[in-house]
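In case you want the letters, here they are:
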Amino acid sequence: MSLVAREVTIRFGGVIAVERMALEVSPGEIVGLIGPNGAGKTTFINCVSGTYRPHTGTVRWLGDELLGLSPSTLLRKGVARTFQNVASLHDLTVLDIAKLGASARKDRQSGGHLLDFFRSDSALERELLEQILEPLELADVAHKPIQTLSYGRRKAVDLARALAAYPQLLLLDEPVAGLTSHEGMAMAGVVRNVRDRLGCAVIMVEHKMDVVMSTCDRIVVMAAGSKIFEGLPAEVQADPEVRRVYLGEP
Ligand SMILES: Nc1ncnc2c1ncn2[C@@H]1O[C@H](COP(=O)(O)OP(=O)(O)OP(=O)(O)O)[C@@H](O)[C@H]1O
Ligand SMILES: [Mg+2]
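The following refers to the structure shown. (Residues numbered from 1 in each chain as written. Chains lettered and ligands numbered in written order. Predicted model: local features only at pLDDT ≥ 70, side-chain atom pairs only at ≥ 80, totals over all residues. Heavy atoms only, no water.)

1. So, the nonpolar core
Here is step 1: Ranked by size, the top nonpolar core spans 48 residues in total, and within it L133, L136 and L138 carry the most contacts.
Here is step 2: Take this core: its biggest share by element is seven residues, from helix α5 (residues 151-164).
Here is step 3: Setting aside residues up to four positions removed in sequence, L138 forms contacts with V94, L133, R153, A156, V157 and A160.
Here is step 4: Counting 29 residues, the second largest nonpolar core, distinct from the first, contains I10, M21, L23 and V79. (Core = buried A, V, L, I, M, F, W, Y, C linked by side-chain atoms within 4.5 Å. Buried < 20%, exposed > 50% of the residue type's maximum accessible area, 1.4 Å probe, protein only. Helix = DSSP H or I, 4+ residues; strand = E, 2+ residues; numbered from the N terminus. Contact = heavy atoms within 4.5 Å.)

2. Overview of a nonpolar patch on the surface
Here is step 1: On the surface, F12, V15 and Y52 cluster together into a nonpolar patch covering about 260 Å² of accessible area.
Here is step 2: Note that Y52 resides in the loop between α1 (41-48) and β4 (56-61). (Patch = residues over 30% accessible without salt bridge, like charges linked within 9 Å, V, L, I, M, F, W, Y side chains within 5 Å. Areas by Shrake-Rupley, 256 points an atom, 1.4 Å probe, with all protein chains shown as cover. Salt bridge = Lys/Arg side-chain N within 4 Å of Asp/Glu carboxyl O.)

3. Re the site of ligand 1
Here is step 1: Near ligand 1 there are 15 residues, and of these G38, K41, T43, Q84 and H207 occur at the shortest range.
Here is step 2: Here an oxygen atom of ligand 1 sits 3.0 Å away from a polar atom, N or O, in the main chain of G40.
Here is step 3: K41 places a side-chain nitrogen or oxygen 2.7 Å from an oxygen atom of ligand 1.
Here is step 4: Relative to its free-state accessible area of 640 Å², ligand 1 is covered by the protein chains to the extent of 64%.
Here is step 5: Secondary-structure elements contributing two or more residues to the shell around ligand 1 are β2 (15-25) and α1.
Here is step 6: Sorting elements by how many residues they give to the shell around ligand 1 places α1 first, with three residues. (Near = heavy atom within 4 Å. Polar contact = N/O pair within 3.5 Å; in protein donor to acceptor, adjacent residues only side chain to side chain.)

4. Description of the pattern of salt bridges
Here is step 1: Scanning all chains against the criterion turns up 15 salt bridges.
Here is step 2: R60 is the partner of E65 in a salt bridge, and the nearest nitrogen-oxygen pair spans 3.7 Å.
Here is step 3: Judged by its relative accessible area of 27%, E65 is partly exposed.
Here is step 4: Among the residues examined, R60 registers a relative accessible area of 38% and is labelled partly exposed.
Here is step 5: The partner of D217 in a salt bridge is R195, with the nearest N and O atoms 3.0 Å apart. In this pair, D217 is assigned in the loop between α7 (209-215) and β9 (218-223) and R195 in helix α6 (residues 181-198), connecting sequence segments 22 residues apart.
Here is step 6: Because the salt bridges share partners, they merge into one network encompassing E29, R218, K227 and E230.

5. A look at the state of the cysteines
Here is step 1: Scanning the model with the defined rule gives zero disulfides in all.
Here is step 2: Of the cysteine sulfurs around C200, a residue in no disulfide, the closest is that of C216, at 13 Å.
Here is step 3: Residue classification places C200 among the buried positions, given a relative accessible area of 1%. (Disulfide = S-S within 2.5 Å.)

6. Thoughts on α6
Here is step 1: If you check α6, its first and last C-alpha atoms are 25 Å apart, about what 18 residues at 1.5 Å a residue would give, namely 26 Å.
Here is step 2: For α6, every residue scored as buried is listed here: G184, M187, A188, G189, V190, V191, V194 and R195.
Here is step 3: Its buried side turned inward, α6 meets β3 (30-34), α5, β7 (169-173), β8 (201-205) and α7.
Here is step 4: G199 sits one or two positions beyond α6 and adopts a positive phi of about 65°. (Expected span 1.5 Å × (residues − 1).)

7. Some words on the packing of aromatic side chains
Here is step 1: Per the counting criterion, the structure on display carries one aromatic pair.
Here is step 2: On the numbers, 5.3 Å between centres and 65° between planes, the contact of F12 with Y52 is edge-to-face. Here Y52 lies in the loop between α1 and β4 and F12 lies in strand β1 (residues 3-12), a separation of 40 residues in the sequence.
Here is step 3: Under the relative-accessibility criterion, F12 is labelled partly exposed at 39%.
Here is step 4: Taking the ring centre of Y166 as reference, the NZ or CZ of R105 above it sits at 3.8 Å. (Phe/Tyr/Trp six-rings, centres within 6.5 Å; stacked < 30°, edge-to-face > 60°. Lys NZ or Arg CZ within 6 Å of the ring centre and 35° of its normal.)

Below, the structure written as structure tokens:
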């Protein structure tokens, strides 16, 4: 396993947001992280991505401890994330945002990729357009400021930023929330293709069960800060406790 999180606990005042949480992901694997509102999914992602420092626990990536590293250091190590809520109040264009994401790659490029350092800006733009913006159906708005775009397209831009970093560990917090089902399925398809191409490990927090079931290799269910179940998509769907806690069945 490349990512091994154990015993992760974080409190806010009296609220235990995440309690002794454990999760593992291998390269090339997409793990779905599901659970009711307030279960601690975003807080757990915030711990892994360096936004929060948990009170206890370890999060090892390829053997190195991630806890205590800043989000920017983690990004340079290949840990990229998207956000549940996208704000986008600035007037950068879609292509600018993708280039910002791509700049995180520089520190990791060596050997065969060294030539990339000398590539022209237009070659980078072409690559981002073909590899990332086209599949996310953003090529036609590449030169538009993102604040002019719909919410669904801004979510896609946030994903484009993370993908442009060519991550080795990709943390997605509700990537298809607020999207139409066509947009959501297209986005899930892009995530699968990127996983196939880069062989990255992916944790996908998501409520939309059709996307979770069709995209994830394995699913971890959280409730009240802890893992309550883990299994294949079909096993999760069939588990009576998950159905009761998460799907609201009696
Ligand atoms: N910065 C914070 N300060 C205080 N409480 C927080 C903070 N962040 C999270 N919490 C609390 O931690 C708990 C878990 O919240 P979190 O946002 O991680 O849930 P979630 O599983 O992502 O829910 P949702 O599906 O609604 O996004 C909640 O009780 C929330 O109020
Ligand atoms: Mg959340």
